[in-house]
Amino acid sequence: MKLILSALLLVLTLSLLQAAPPNDNFANRTAFVGANATVAGTNVGATIETGEPNHGAVYGRTGGKSIWWTWTAPFAGDVTITNLANFSHLLAVYSGGTLTNLTRVTSGYASSGYSATATFDTLTGGTYQIAVDGQSGASGTNLLTLTLLPPPANDNFADRIVLTGANVTTNGSNVAATKEPGEPNHAGYIGGRSVWWTWTAPAS
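Now for a quick tour of the structure. For clarity, every value in this text was computed on a predicted model and none was experimentally measured. (Residues numbered from 1 in each chain as written. Predicted model: local features only at pLDDT ≥ 70, side-chain atom pairs only at ≥ 80, totals over all residues. Heavy atoms only, no water.)

Looking at the sheet that holds strand E4 (residues 77–85)
As summarised here, the arrangement of the 4 strands in space is E2-E9-E4-E7, forming an open sheet in which the pairing is antiparallel. The two strands at the open ends of the sheet, each matched to only one other strand, are strand E2 (36–42) and strand E7 (115–122). The mean angle between the axes of side-by-side strands here comes to 15 degrees, regardless of whether they run parallel or antiparallel. By the bridge criterion, 8 bridges tie E4 to strand E9 (residues 141–149) in an arrangement that is antiparallel. Across the sheet, the residue bridging to Ile81 is Leu146, located in E9. (Pairing = 2+ DSSP bridges. Helix = DSSP H or I, 4+ residues; strand = E, 2+ residues; numbered from the N terminus. Axes fitted to C-alpha atoms, helices over the stretch in contact; angles between N-to-C directions.)

The following block contains the structure:
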């Protein structure tokens, strides 16, 4: 009688799952505070929620691992948000308070090692939701920076600077200026960053 012994090879594979970051879900988004802030983050282990918008839709790209922040503007001005990451990333800014009722304000995209940038104007008290997502599910670490520049003193029509005299020269800047609701197009163009002066002729 011939005895044939067979050996059974058992292969055991262990996979260590990375815990999701604390701001993985929209409901747990991290708060930005102030006019200038920088925060480090990671989307390793992050997920996409049901009903979450595609943060890369305007670029024809998809994400897969998003993390969230929220920010309320302490004053009106010009906002610049940049995100530097070691993975190809999508940056999106929304208004709205629920995941399924967000309105895109602006967005950005950059490859690994480069910064995505998003800029927009805000009014005092404007609240925004900020998402960083990895393109096609890419993940890694990121550095998110927010800068809010106040508008010039004569940004609004009601705050126009008074010019006096028959011969006047003045300096000005429209950096971080805005266009008010109801403001006309100047010289036939839409514009978007107006500043104002007023002058009364001292003589005919």
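Quick look at the packing of aromatic side chains
A full pass over the atoms with the stated rule returns 7 aromatic pairs. Consider the rings of Trp71 and Tyr128, whose centres lie 6.1 Å apart with planes at 25 degrees: the pair is stacked. Remark: Tyr128 occurs in strand E8 (residues 127–134) and Trp71 occurs in strand E3 (residues 66–72); sequence separation between them is 57 residues. Look at Tyr128 and you get buried, because its relative accessible area is 10%. (Phe/Tyr/Trp six-rings, centres within 6.5 Å; stacked < 30°, edge-to-face > 60°. Buried < 20%, exposed > 50% of the residue type's maximum accessible area, 1.4 Å probe, protein only.)

Side note on the sheet that holds E8
Across the sheet, 5 strands lie side by side as E1-E3-E8-E5-E6; this open sheet has mixed pairing. Looking along the sheet, the strands with just one partner apiece sit at the ends: strand E1 (30–32) and strand E6 (103–110). Put simply, the sheet's adjacent strands are angled 25 degrees from each other on average, direction ignored. Here E1 pairs with E3 via 3 bridges, running parallel. Along E3, the bridge assignment pairs Ala31 with Thr70.

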